[in-house]
Amino acid sequence: MEPRKLYYFDNNATTRVAPEVVEAMLPYLTEHWGNPSSAYQFGRGVARPLDQARAQLAALINAEPREITFTSCGTESNNTAIHSALLTQPGKRHILTTAVEHSATLKFSQQLQKRGYEVTFLPVEPDGTLDIHLLEKSLRPDTAIVSLMWANNETGVLFPLEEVAAICRSRGVLVHTDAVQTAGKLKLDVRELGIDFLSLSAHKLHAPKGIGLLYIKRRTKFMPYVVGGSQEQGRRGGTENVPYIIGFGRAAELALEHQEDENVRVRALRDRLEKTLLKTIPGVSRNGHRERRLPNTSNLAFAGVEAEGILMLLDQLGICASSGSACTTGSLEPSHVLTAMGLPPARARSSVRLSLGRYNTAEEVDYLLKHLPGIIARLRAASPAAEAVPVRAPKAAAAR
Ligand SMILES: *Cc1c(COP(=O)(O)O)cnc(C)c1O
């Protein structure tokens, strides 16, 4: 039987591993399986390709190779940056972050709060953007670190990292950014940005799951989170995940090559998809700022229908999309991101995220556009509350 065609519109959850990445990794799973810390040639020989991968990733973010520390994932990178800032500045016990962070920052900060640290979770505007003056006012003399995501995984909304970094630098406060969603989609330049820590995850960049990195600016005081051997300049214990690091490096190279495509071709696909849905289906509205967001993400509310129902019917057609972040799917709680933007729970629960990527085609967008209007009509007809659905989208502030 032919495998069913997959229509994958969930690239913010994870991405297909690029064939070039698989190809680059294979020799390190088969022939070159030595330990780079070994003294003999068979092991030591793996150290050089490891350095090459580090250089490829440094090039992606305009860092120096020695500023790159490999970790097991984006989550570990976020935890590590915050943890280090607290340990290296024992007198500072305040963390400044936002209410819309990925759970890798949010839950870790909440746990630290239980351990006696103080955390400010900044609210966001109805369009998901950040009030920079509020951030400035919330800085305290005992703020150890400001940790902000660059691009939101649910809405794609971008935070003004350059401005945040400038403010923090002038106040002598460390800055970390979770740039997991930004990599490969927008230009990343840590020099220009002037930040201290930056997290990336390979599986959002067409490489495998279970590998990430933390950029640590030169001369930044640092304490490891995973303690053990002296790998990664003593910054992260554990034998290097050689094949995955090699794959991550190749993915970084490809990301640079495809960055332009992501901004032109993928953006055009996303815009056509979004515009058509807004125009052809009544009661649809966008969540998040229209311009200040990633070129691949569209988060839409379908008034009067539960996202769960939409996703189930899409799934039957081989279409993958999501509501909220994948990490919270299965719970009936409305998305914490949309809730923080002030969306009423019903609208948050009717919201679907469509996230495109390198491998999406115009035909796939056509397929989605052909089926989604019927799905919404069908669900509305079946819903007992259907009469209450306004034909026009409610004029919520977040729709701007
Ligand atoms: C996926 C994601 C993470 C977590 O990365 P993992 O490698 O899955 O741990 C962190 N932050 C953002 C914004 C993400 O989208």
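Note on numbering: residues in each chain are counted from 1, in written sequence order. Residues qualify for local features only when their pLDDT is at least 70, as the model is predicted, and side-chain atom pairs are given and counted only at 80 or more; totals for whole chains, interfaces and linings, by contrast, use all residues. Each side-chain value is derived from all of the structure's non-hydrogen atoms; neither hydrogens nor water enter the calculation.

1. Some remarks on the overall build of the protein chain
For step 1, the next point in the chain: Only runs of H or I of at least four residues qualify as helices and only runs of E of at least two qualify as strands under DSSP, and these elements are numbered from the N terminus. What the protein chain contains, in helices and strands, is 15 helices and 12 strands.
For step 2, the next point in the chain: Computed over the C-alpha atoms, the radius of gyration of the protein chain is 22 Å, within 12% of the 21 Å expected from 2.2 N^0.38 for a compact globule of 400 residues.
For step 3, the next point in the chain: Taken along the three principal axes of its C-alpha coordinates, the protein chain extends 70 × 60 × 35 Å.
For step 4, the next point in the chain: Looking at the protein chain residue by residue over its 400 residues, the buried ones come to 56%.
For step 5, the next point in the chain: If you take every contact in the protein chain between residues at least 6 apart in sequence, the share linking residues at least 24 apart comes to 75%.
For step 6, the next point in the chain: Computed with the Shrake-Rupley method and a 1.4 Å probe, the accessible areas treat only the protein chains shown as cover for residues. Counting only carbon and sulfur atoms, one obtains 56% of the accessible surface of the protein chain, whose full area is about 17300 Å².
For step 7, the next point in the chain: For the purpose of counting charges, residues Lys and Arg are taken to be positive, whereas Asp and Glu are taken to be negative. His and the chain ends are not included. We put the charge of a Lys on NZ, of an Arg on CZ, of an Asp on CG and of a Glu on CD. A distance of 3 Å separates the average location of the 48 positive side-chain charges in the protein chain from that of its 41 negative side-chain charges. Each radius of gyration is computed over the set of C-alpha atoms, and the globule rule expresses the reference value as 2.2 Å times the number of residues to the power 0.38. Think of it in three bands: residues with accessible area under 20% of the maximum for their type are buried, residues over 50% are exposed, and the middle band is partly exposed, with areas taken using a 1.4 Å probe on protein chains only. Throughout, a residue-residue contact means that at least one pair of heavy atoms, one from each residue, lies within 4.5 Å.

2. Examining the domain arrangement of the protein chain
For step 1, the next point in the chain: By convention here, the domain bounds are inherited from an automatic or database domain assignment. Entries for the protein chain in the domain assignment read domain 1 (7-12 + 259-399) and domain 2 (19-255).
For step 2, the next point in the chain: In short, buried area is how much 1.4 Å probe accessible area vanishes from two parts on joining, totalled over both. Carbon and sulfur atoms supply 55% of the area that domain 1 and domain 2 bury against each other, a total of about 2700 Å² over both sides.
For step 3, the next point in the chain: Of all residues in domain 1, Gln259, Leu294 and Arg358 give up the largest surface area on contact with domain 2, accounting jointly for 25% of the area buried on that side.
For step 4, the next point in the chain: Each reported salt bridge corresponds to a side-chain nitrogen of Lys or Arg within 4 Å of a carboxyl oxygen of Asp or Glu. Where domain 1 meets domain 2, there are 0 salt bridges.
For step 5, the next point in the chain: Polar contacts, as used here, are pairs of N or O atoms within 3.5 Å; protein pairs need one atom able to donate a hydrogen and one able to accept it. Residues neighboring in sequence count only if both atoms are side-chain atoms. Between the two partners, domain 1 and domain 2, sit 12 residue pairs in polar contact (both at pLDDT 80 or more).
For step 6, the next point in the chain: Counting only elements with at least two residues in the side of domain 1 that touches domain 2, the list comes to helix 11 (242-280), strand 10 (297-302) and helix 13 (336-340).
For step 7, the next point in the chain: When residues in the side of domain 1 that touches domain 2 are grouped by element, the largest group, 4 residues, is from helix 13.
For step 8, the next point in the chain: Any residue outside Ala, Val, Leu, Ile, Met, Phe, Trp, Tyr, Cys, Pro, Asp, Glu, Lys and Arg is labelled polar, Gly included; the first ten of those are nonpolar and the last four are charged. Considered class by class, the residues forming the side of domain 1 that touches domain 2 number 10 nonpolar, 14 polar and 5 charged.

3. Regarding the sheet that holds strand 9 (residues 284-286)
For step 1, the next point in the chain: A pair of strands is labelled paired if DSSP reports no fewer than 2 bridges between them. If you trace the 3 strands from one edge of the open sheet to the other, you get 9-10-12, paired in antiparallel fashion. Because the sheet does not close on itself, it has two edges, and the strands there are strand 9 and strand 12 (351-355). Taken pair by pair, the neighbouring strands of this sheet meet at an average axis angle of 30°, ignoring direction.
For step 2, the next point in the chain: Two elements, strand 10 and strand 12, share 5 bridges in a ladder whose sense is antiparallel. Along strand 12, the bridge assignment pairs Leu300 with Val352.
For step 3, the next point in the chain: Throughout, an axis means a line fitted to C-alpha atoms (over the contacting stretch in the case of helices), and angles, computed between N-to-C directions, take values from 0 to 180 degrees. Lying on the sheet, helix 11 is in contact with strand 9, strand 10 and strand 12; it crosses strand 10 at an angle near 10°.

4. Re the site of the ligand
For step 1, the next point in the chain: Surrounding the ligand, one finds Cys73, Gly74, Thr75, His102, Met149, Asn153, Asp178, Val180, Gln181, Ser201, His203 and Lys204.
For step 2, the next point in the chain: Gln181 places a side-chain nitrogen or oxygen 2.7 Å from an oxygen atom of the ligand.
For step 3, the next point in the chain: A total of 380 Å² of accessible area belongs to the ligand in isolation, and the protein chains cover 90% of it.
For step 4, the next point in the chain: Split by residue class, the shell around the ligand holds 3 nonpolar, 7 polar and 2 charged. Whether a residue is near a molecule or strand is decided by its heavy atoms; if any one of them lies within 4 Å of it, the residue is near.

5. Quick word on the pattern of salt bridges
For step 1, the next point in the chain: By the definition in use, this model includes 20 salt bridges.
For step 2, the next point in the chain: Where Lys5 meets Glu364, a salt bridge forms, and the shortest distance between an N and an O atom there is 2.6 Å. Taken together, the residues Lys5 in the segment before strand 1 (7-8) and Glu364 in helix 15 (residues 362-382) connect sequence positions 359 residues apart.
For step 3, the next point in the chain: Residue classification places Lys5 among the partly exposed residues on the basis of a relative accessible area of 42%.
For step 4, the next point in the chain: Classification of Glu364 by relative accessible area gives buried; the value is 7%.
For step 5, the next point in the chain: A single network of salt bridges, built from pairs that share partners, joins Glu64, Arg66, Glu67, Arg191 and Arg218.

6. Details of the packing of helix 11 against helix 15
For step 1, the next point in the chain: Where helix 11 contacts helix 15, the two axes come as close as 10 Å, and the packing angle between them is 15°. Taken as axis vectors, helix 11 and helix 15 run roughly parallel relative to one another. Pair helix 11 / helix 15 crosses with right-handed handedness. On the side of helix 11, the interface is formed by Leu269, Arg272, Leu273, Thr276 and Leu277, while helix 15 contributes Ala362, Val365, Asp366, Leu368, Leu369 and Leu372. Just so you know how the angles are binned, under 35 degrees is roughly parallel, over 145 roughly antiparallel, 65 to 115 roughly perpendicular, and the rest oblique. Left-handed describes a crossing in which the near helix is turned anticlockwise from the far one by less than a right angle; the clockwise case is right-handed.

7. Thoughts on the sheet that holds strand 2 (residues 68-71)
Think of a sheet as strands paired side by side through backbone hydrogen bonds, with each pair either parallel or antiparallel.
For step 1, the next point in the chain: Ordered by their spatial adjacency, 7 strands build an open sheet running 2-8-7-6-5-3-4, and the pairing between neighbours is mixed. At either margin of the open sheet sits one strand with a lone partner, and together these are strand 2 and strand 4 (118-122). This sheet shows a mean twist of 20° between the axes of neighbouring strands, independent of strand direction.
For step 2, the next point in the chain: Of the strands in this sheet, strand 3 (94-98), strand 4 and strand 5 (143-149) are in contact with helix 6 (residues 103-114), which crosses strand 4 at around 145°.

8. Some points on the packing of helix 12 (residues 307-316) against helix 15
For step 1, the next point in the chain: It is the contact of helix 12 with helix 15, at a shortest axis distance of 10 Å, that shows an interaxial angle of 135°. Classed by the angle they form, the pair helix 12 and helix 15 counts as oblique. Note that helix 12 runs across helix 15; the crossing there is right-handed. Together, Gly309, Ile310, Leu313 and Leu314 of helix 12 and Leu368, Leu372, Ile375, Ile376, Arg378 and Leu379 of helix 15 make up the contact between the two elements.
For step 2, the next point in the chain: When its residues are assigned to classes, the contact of helix 12 with helix 15 shows 8 nonpolar, 1 polar and 1 charged.

9. What about the environment of Leu273?
For step 1, the next point in the chain: On the secondary structure map, Leu273 appears in helix 11.
For step 2, the next point in the chain: For Leu273 and Asp366, which are 93 residues apart along the polypeptide, the C-alpha to C-alpha distance reads 8.2 Å.
For step 3, the next point in the chain: In this view, Leu273 contacts Leu354, Leu356, Val365, Leu368 and Leu369; residues no more than four positions away in its chain are not counted.

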